[in-house]
Each structure stands twice: as structure tokens, then as C-alpha cells.
Amino acid sequence: MESLANIAAALANNLFSQVAILIGLIALIGLLLQRKPFEQVIGGAVRATLGVVILNIGVDIFVAGLVAFQAIVSSAFRITPPTSASTMKTFLEGSGAVVPLVIALGFLIHLVLVSVFKAARYVYLTGHLMYWMSLVLVATLVEAVPGVDRVALIVVAAIVVACYWTLQPLCGWSH
């Protein structure tokens, strides 16, 4: 029993703590469920993984540019720029470390909901939105309920995002 717990902990700490790999696995599962050809499955999973990596690099570059621009504007107007007590990196290393687990559990719940409710036949595979929704929800819950239990945070956030991922495609924008 202890070895099973060690395996689960290793998966949670190594595999599920890497958002890019997790999104790639979700894309892989989704493409397999759609019975796509092997090369499309592998290509789609790799593109999803690399997409998240590139997205994170782009965000870092954009934020660095904004910080430099903020310094220039602050200097030009002789004002003190606002400071933040936290950054995305520190949030993801702290309370936000549960985001990949929320995505993983939420996706599993979403697959169950899609299989149970035939009207909800769409598997949500928009990786960057899965990441963003999970991140924002975890940040909101952490702020709304200070000291929230980690397991409760993961379960509640996973249920909420799974419901969103199941219902959102049903509310199409086309008329």
C-alpha cells in the first residue's frame, strides 16, 4: 500500500506538476478518443506541449518588457511605480502548485461527465484555456478562502472547471 502511495506521490510531484506535459497528455488522450491516426496523435500532443512552453516564454518576455516600460514611464513622470507582493512564479511555487492537479482531476471528471451526459458530447481540448481557467479559479479560491485545505482546493476547483469544460461548448456563439 505504501508503494502505491509513493507512486501516486511521484506522479503528482513530477508528471502532474508540469503543466506543459499535462496539457500534452490531455491532447494525446483527446486525439486517441477521437481515433485520429498515429501521426496526428503524436503531432498534436507534441504541438500542445510545445505550445504551452512557448506561451510561458512569451508571457515572461511580455512581462519583462512591461517592467522596463513601467520604469521608463515612472521615471518620466517622476512617480513611484506600484509594486506587487507576489508574482506568477511565486504563486505557482506556493498555493498555485495545485493547478496541474486541478487540470488533471478536472479533465478526468470532465471525461466522466461527457460520457454520462450524451448531450454534452464535446471533449474540451483547449489547453491554454484549461490552464488559464484552472489558474484563475485556484487564485480566486485561495484569496476568497484563506487557509483553504489543499485537497479541498483541488477537488472543488476540479469539479468547477470540469463542469465549465462540459457546459461551455454547449453554449455556442453561432446563431
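Here is what the cut-offs are and how they apply
- Residues numbered from 1 in each chain as written.
- Predicted model: local features only at pLDDT ≥ 70, side-chain atom pairs only at ≥ 80, totals over all residues.
- Heavy atoms only, no water.
- UniProt positions renumbered as here; feature names shortened; annotations may be inferred.
- Helix = DSSP H or I, 4+ residues; strand = E, 2+ residues; numbered from the N terminus.
- Buried < 20%, exposed > 50% of the residue type's maximum accessible area, 1.4 Å probe, protein only.
- Phe/Tyr/Trp six-rings, centres within 6.5 Å; stacked < 30°, edge-to-face > 60°.

Draft legend 1. View of the UniProt feature "transmembrane region" (unreviewed entry) in the chain. Per the UniProt entry, the sites bearing "transmembrane region" (unreviewed entry) are residues 15-33, 53-77, 97-117, 129-145 and 151-167 in this numbering. In this annotation, residues 97-117 is assigned 86% helix and 0% strand; the end-to-end C-alpha distance for the span is 31 Å. End-to-end, the C-alpha atoms of residues 129-145 are 24 Å apart, and along that stretch the chain is 94% helix and 0% strand.

Draft legend 2. The arrangement of unusual backbone geometry in detail. Although it is not a glycine, Arg35 sits at a positive phi angle of roughly 60°. Note on placement: Arg35 falls in the loop between helix H2 (19-33) and helix H3 (38-77). Overall, Arg35 belongs to the exposed group, its relative accessible area being 75%.

Draft legend 3. Region of interest: the packing of aromatic side chains. This structure, assessed with the given rule, holds two aromatic pairs. Taken together, a centroid distance of 6.2 Å and an interplanar angle of 15° make the contact between Tyr124 and Trp165 stacked. Residue Tyr124 is located in the loop between helix H5 (99-116) and helix H6 (127-144), and its partner Trp165 is located in helix H7 (residues 150-167); the two are separated by 41 residues in the primary sequence. Just as Tyr124 is buried, Trp165 falls in that class too. An aromatic cluster is defined as three or more aromatic residues linked by ring pairs; in this entry it consists of Tyr124, Tyr164 and Trp165.

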